Amino acid sequence: MSRRCVTDWFRVLVDLDYLGVKTTAVSRMINVPRSTVAEWKYGREPKHSDGEKLIVLWCHSMKKSRKQLPVIDRKSSKALLSNHF
């Protein structure tokens, strides 16, 4: 059974960017190549361990709990995409 909601990695990275934590800094902080972090922003899903590190960074930087993590409803996003293409 697949998860209905998934982490919105684009929003996570945009939130960090808004706080001044740029892609290069994220890359250094979680020890992942900058190009890999950029790929996450444009739709690629991180490996579980990298995603966990990014979530911890987001929670700490945003001063929010994991429950407040931005998510996308898969069902809604699929319906939205099917209506546009």
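One numbering rule holds for all chains: residues counted from 1, following each sequence as written. The predicted nature of this model means local features are confined to residues of pLDDT at least 70 and side-chain atom pairs, given and counted, to a pLDDT of 80 or more, with totals for whole chains, interfaces and linings taken over all residues. Calculated side-chain values reflect all of the structure's heavy atoms, with hydrogen atoms and water omitted.

K.L.:
Sorry, what's going on with helix H4 (residues 48-62) here?
P.N.:
Each turn of an α-helix holds 3.6 residues, which means side chains three or four residues apart point in the same direction. Starting at the N terminus, helices and strands are each numbered in turn, a helix being any DSSP run of H or I of at least four residues and a strand any DSSP run of E of at least two. Multiply 1.5 Å by the residue count of a helix minus one, and that product is the helix's expected span. Between its first and last C-alpha atoms H4 spans 21 Å; for 15 residues at 1.5 Å apiece the expected length is 21 Å, and the two agree. Turning to H4, its buried residues number three or more, namely Asp50, Gly51, Leu54, Ile55, Leu57, Trp58, Cys59 and Ser61. Following H4 by one or two positions, Lys63 has its phi on the positive side, about 55 degrees. The buried label applies to any residue whose accessible area, calculated with a 1.4 Å probe on protein chains only, is under 20% of its type's maximum; exposed applies above 50%, and partly exposed to all values in between.

K.L.:
Just to check I follow, could you spell out the nonpolar core for this structure?
P.N.:
One broad rule of soluble globular proteins: the nonpolar side chains tend to lie buried together. Counting residues in each nonpolar core, the largest one holds 17 residues, and the members touching the most others are Val12, Leu16, Val26, Ile30, Trp40 and Leu54. Elements represented by at least two residues in this core include exactly helix H1 (9-18), helix H2 (23-30), helix H3 (34-41) and H4. Take this core: its biggest share by element is 5 residues, from H4. Nonpolar core, defined: a set of buried Ala, Val, Leu, Ile, Met, Phe, Trp, Tyr and Cys residues in which side-chain atoms within 4.5 Å join the residues together.

K.L.:
Explain the layout of surface pockets here, please?
P.N.:
By rolling a water-sized probe across the atoms, one finds the places where empty space is left. Cavities and pockets were defined on a 1 Å grid built from protein atoms only: a cavity is a group of points that admits a 1.4 Å probe but offers it no way out, a pocket is an open group of points flanked by protein on both sides within 12 Å along at least five of seven lines, and a lining residue is one with an atom within 4 Å of any such point. Grid points are joined across faces, edges and corners, and a volume is the space filled by probe spheres set on the points. Size it by volume and the largest pocket reaches roughly 270 Å³. At the level of secondary structure, the elements contributing two or more residues to the lining of the largest pocket comprise strand S1 (5-7), H1, H3 and helix H5 (74-84). The residue inventory of the lining of the largest pocket, partitioned by class, reads 5 nonpolar, 3 polar and 5 charged. The residue classification treats Ala, Val, Leu, Ile, Met, Phe, Trp, Tyr, Cys and Pro as nonpolar and Asp, Glu, Lys and Arg as charged. All others, Gly included, are polar.

K.L.:
Please clarify how the pattern of salt bridges should be interpreted in this entry.
P.N.:
It is possible for side chains of opposite charge to pair when their charged atoms get near one another. For this document, the term salt bridge refers to a Lys or Arg side-chain nitrogen within 4 Å of an Asp or Glu carboxyl oxygen. Under the criterion given, the structure shown has 5 salt bridges. Note that Lys53 and Asp50 form a salt bridge whose closest N and O atoms lie 3.6 Å from each other. Pair noted here: Lys53 and Asp50 are both in helix H4, with a separation of 3 residues, about one helical turn. Taking the relative accessible area as the measure of exposure, Asp50 reaches 9% and is therefore buried. Close ionic contact of Glu52 with Arg66 constitutes a salt bridge, the shortest N to O distance being 2.7 Å. Residue Glu52 is found in helix H4, and its partner Arg66 is found in the loop between H4 and strand S2 (71-73); the two are separated by 14 residues along the sequence. The exposure class of Arg66 is partly exposed, given its relative accessible area of 44%.

K.L.:
Even after reading the chapter, I still don't get the environment of Asp73, so can you show me in this structure?
P.N.:
Relative to the elements of secondary structure, Asp73 occurs in strand S2. Throughout, a contact is declared for two residues whenever any of their heavy atoms are within 4.5 Å. Beyond its immediate stretch of four places on either side in the chain, Asp73 contacts Arg4 and Cys5.

K.L.:
What exactly am I supposed to notice about the side chain of Asp8 here?
P.N.:
Among the secondary structure elements, Asp8 is positioned in the loop between S1 and H1. Under the convention used here, Asp and Glu are negative, Lys and Arg are positive, and both His and the chain ends fall outside the count. No salt bridge is formed by the buried Asp8, whose closest oppositely charged neighbour, Arg11, lies at an N-O distance of 5.9 Å.

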